[in-house]
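Examination of the molecular architecture
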Amino acid sequence: MSSLKKLLKKKKYTQIPLSLTATNHFEIKATLNGVSGKFILDTGASNTCVGIDKIEHFKLTSKDSKIKAAGAGAIDMETQISTKNKLSIGDWKMKKIKIVLFDLVHVNEALTQHKAETVDGIIGADILLKGNAIIDYKTKKLYLNIK
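Within the chain, the regular secondary structure consists of three helices and 13 strands. Taking all 147 residues of the chain together, 45% fall into the buried category. Here the analysis covers contacts within the chain between residues at least 6 apart in sequence; of these, 59% occur between residues at least 24 apart. Total accessible area computed for the chain in this model is approximately 8,700 Å², and 51% of it derives from carbon and sulfur atoms.

Below you can see the structure in the form of structure tokens.
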């Protein structure tokens, strides 16, 4: 066992495997409101997001938001917000998670153009901060604190 892995285990971190996509993004499996999904891990995304077409799939309740989304060639996209969601990534769990909902067509088109699979959403910096995340790029592992 690597010294990093030992240290993080001692500090109550859980280890989650990451997959590298054809676009060099890390992909992660997560469970939102009891439903499994595929997400991109994006340290540059301020908020965790889900495609607006996945509202029913992930059992989300939403309302219009003043937040404008931008990314993958699209700007000023209308968004909705969903609060009080449950998110699980490996053994890490959090309640009362806020999710931004917007049209992920541009994101998924960019992925498929590079022969990568589409995703349900994006795990953003908000979740990474809450979990005191550590990303080990060499071993393709995400560590989240489960205190």
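Within the fold, N145 resides in strand 13 (residues 141-145). N145 sits in the buried class, given a relative accessible area of 8%. Polar side-chain contacts of N145 include one of 3.0 Å to the backbone oxygen of K11. When residues no more than four places from it in sequence are discounted, the contact partners of N145 are K11, K12, Y13, W92, G131 and N132.

Within this structure, the stated rule accounts for two salt bridges. Note that E117 and K38 form a salt bridge whose closest N and O atoms lie 2.4 Å from each other. Of this pair, E117 sits in the loop between helix 2 (105-113) and strand 11 (121-123) while K38 sits in strand 4 (residues 35-41), and the two are 79 residues apart along the sequence. For E117, a relative accessible area of 55% translates into the label exposed. Here D120 ties to K54 by a salt bridge, and the two come within 3.1 Å at their closest N and O atoms. Of the two residues, D120 sits in the loop between helix 2 and strand 11 while K54 sits in the loop between strand 5 (49-51) and strand 6 (63-64), which places them 66 residues apart along the sequence.

On to the nonpolar core. Membership of the largest hydrophobic core comes to 24 residues, with the highest contact counts inside it found for I28, V50, L87, I89, I123 and L142. The next biggest cluster of nonpolar side chains, apart from the first, holds 12 residues, and it includes I81, L104, V107 and I122.

So, on to the pairing of strand 3 (residues 26-32). The two faces of a sheet get side chains in turn, since along a regular strand they alternate between them. When you tally the buried positions in strand 3, you get five out of seven residues, the bulk of the element. As paired elements, strand 2 (residues 19-20) and strand 3 share two bridges and run antiparallel to each other. Each residue of the ladder has a partner; that of L20, found in strand 3, is F26. In sequence, strand 2 turns back onto strand 3 through a hairpin of five residues, with N24 there showing a positive phi of about 65°. Two elements, strand 3 and strand 4, share seven bridges in a ladder whose sense is antiparallel. If you follow T31 over to strand 4, its bridge partner there is S36. Once strand 3 ends, the chain turns through two residues before running back antiparallel as strand 4, passing N33 with a positive phi of about 55°.

Attention shifts here to the pairing of strand 13. Most of strand 13 is tucked away, with four of its five residues classed as buried. Bridge analysis of strand 1 (residues 13-17) against strand 13 gives five bridges, and the strand direction is antiparallel. Bridging across to strand 13, Q15 finds its partner in Y143. Alignment of strand 12 (residues 134-136) against strand 13, held across three bridges, turns out to be antiparallel. Its bridge partner lying in strand 13, D136 is registered against K141. The hairpin formed by strand 12 and strand 13 contains four residues between the paired strands, and K140 there has a positive phi angle of roughly 55°.

Conventions we followed
- Residues numbered from 1 in each chain as written.
- Predicted model: local features only at pLDDT ≥ 70, side-chain atom pairs only at ≥ 80, totals over all residues.
- Heavy atoms only, no water.
- Helix = DSSP H or I, 4+ residues; strand = E, 2+ residues; numbered from the N terminus.
- Buried < 20%, exposed > 50% of the residue type's maximum accessible area, 1.4 Å probe, protein only.
- Contact = heavy atoms within 4.5 Å.
- Areas by Shrake-Rupley, 256 points an atom, 1.4 Å probe, with all protein chains shown as cover.
- Polar contact = N/O pair within 3.5 Å; in protein donor to acceptor, adjacent residues only side chain to side chain.
- Salt bridge = Lys/Arg side-chain N within 4 Å of Asp/Glu carboxyl O.
- Core = buried A, V, L, I, M, F, W, Y, C linked by side-chain atoms within 4.5 Å.
- Pairing = 2+ DSSP bridges.

Bear in mind that shape data such as this cannot, by itself, settle questions of function.
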